[in-house]
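A structural walkthrough
As a plain string of letters, each chain reads:
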Amino acid sequence: MLRMKSNIRENNSVLVLTEITNHPEISRTKISEMTGLNKATVSEIVRKLIEDDYVIEIGPGNSTKSGGRRPILLTVNKKAGVSISFDVRYDRISYLITYLDGEKIDYEIKETNINKDNVVAHITTVVDAFRSKMNKSPFGIIGVTISVHGVVDKNLIKFTPYFDLDKIDLIEELKKSIDLPIHIENEANLSALAEAAFDTEHQNIISLSAHTGVGAGIILDGQLYRGYNGRSGEVGHTVLYPDGLNCPCGNHGCLEQYCSTKAIIRNFQQLKNDKSLNFDNLLEAYRQKDADTQNMIQKFTKDLGIGLMNIIGNYDPEIVYINAEILEEIPELIGLLQNSLNSTIYKNFPIRQSKLGHKASLYGATVYNLKEFLNVDNVGFNLDMEKVLEI
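Rules behind the numbers
Residues numbered from 1 in each chain as written. Predicted model: local features only at pLDDT ≥ 70, side-chain atom pairs only at ≥ 80, totals over all residues. Heavy atoms only, no water. Axes fitted to C-alpha atoms, helices over the stretch in contact; angles between N-to-C directions. Helix = DSSP H or I, 4+ residues; strand = E, 2+ residues; numbered from the N terminus. Parallel < 35°, antiparallel > 145°, perpendicular 65-115°, else oblique. Contact = heavy atoms within 4.5 Å. Nonpolar A, V, L, I, M, F, W, Y, C, P; charged D, E, K, R; others polar. Phe/Tyr/Trp six-rings, centres within 6.5 Å; stacked < 30°, edge-to-face > 60°. Buried < 20%, exposed > 50% of the residue type's maximum accessible area, 1.4 Å probe, protein only.

Examining the packing of helix α7 (residues 187-198) against helix α14 (residues 360-374)
Closest axis-to-axis distance for the α7/α14 pair is 7 Å, and the angle between their directions is 80°. As the angle between them shows, α7 and α14 are arranged roughly perpendicular. Of α14, the residues touching α7 (which contributes Glu187, Leu190, Ser191, Leu193, Ala194, Ala197 and Phe198) are Ala360, Ser361, Tyr363, Gly364, Ala365, Val367, Tyr368 and Lys371. For the contact of α7 with α14, the residue count by class is 10 nonpolar, three polar and two charged.

This is the structure in structure tokens:
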């Protein structure tokens, strides 16, 4: 692998591998057309990629209209390696294990309290268990990427408002027991990478996540934008109501104190004066047309619409994907958000409910592993969305 990693850094090799990664079943001739490299150069690079197990030939394609020999198609050697992704929240940890093309090997969600004292054990248990039973492959486990709901900068967790992972150097702790490339990234950033991997149409994308907190992953000109200190998408800590509710960030009236799933459940509990109520209870009350609950959800939609307008105004993306449990369960809220924008200068701006849901950050972490391992700028997935949604 080290031998190949040095070669893969050559610009031409990166160009060729990027095209094969993002266009399954592609010919050498097509690669030459798309990269501008001559056919002899492409053929030599492909020969080396096949020799080093990155790429395989999958048989002949269709002849051109003028006839001639049918081209041999190429694709990534998906079973040459394995990616492991984690999404870590204060009350849940989930993981996704895939081949190099994003195809699922294993996936699980575990509802449990996560903190600085047990997070390493949870992660290493999964990695060790899979490693003990995995089939032999040329590259083995190519990397582990961890999605964290908080501020991350250069693989360091700087701020986690609802649990204490910012109190440890998680990568250094994991390296004591896991001898693999390990990466940490903000959950919303990874969700944006996932949306971009499945969206072949847009180069400027915002992925708005509303879970424990609220964050935005930002793709500009096809690349993830993090900002100077990794805080570019911390829209949950922009002020919605001056002198409003206290926020763990130290400010008052932050967006996520009104529009996160955590905030919605808290507001519902206060509305009904019952701290034992949960998200399912809220949904049931809404579907039973409880007036107070419906008014509360209407207020949430209005607040989120204001947040959306601020985000669109700041970054001017082509499309916004929203990833939030409340919108998954009450999809008509997307229409209400769209209507709130239509009365502004953002009329007809495209808003979409993310199809990936709670798997978005996990697929984004897979993208991150692949980008780091293959040394390519972009990774696209040609997966059947129905199969993705099955997991």
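Quick look at the environment of threonine 29
Along the chain, threonine 29 falls in helix α3 (residues 28-35). A C-alpha to C-alpha distance of 9.9 Å links threonine 29 and alanine 40, two positions 11 residues apart in sequence.

Here's the deal with the packing of helix α10 (residues 279-287) against helix α11 (residues 291-315)
The description of two packed helices rests on the angle between their axes and on the distance between the axes. Contact pair α10 / α11: the axes reach a minimum separation of 8 Å and the direction vectors enclose 105°. When the interaxial angle is binned, α10 and α11 end up roughly perpendicular. Here α10 contributes Leu282, Ala285 and Tyr286 to the contact with α11, which in turn contributes Thr293, Gln294, Met296 and Ile297. When grouped by side-chain class, the residues that make up the contact of α10 with α11 number five nonpolar, two polar and no charged.

So, the packing of aromatic side chains
This model, assessed by the stated rule, comprises eight aromatic pairs. With 6.1 Å between their ring centres and 70° between their planes, tyrosine 363 and phenylalanine 381 make a pair best called edge-to-face. Here the residue tyrosine 363 occupies a position in helix α14, and phenylalanine 381 occupies one in the loop between α14 and α15 (385-390), the gap between them amounting to 18 residues. In this structure, tyrosine 363 and phenylalanine 381 share a single accessibility class: buried. Taken together, the ring pairs in this structure connect Tyr54, Phe139 and Phe373 into an aromatic cluster.

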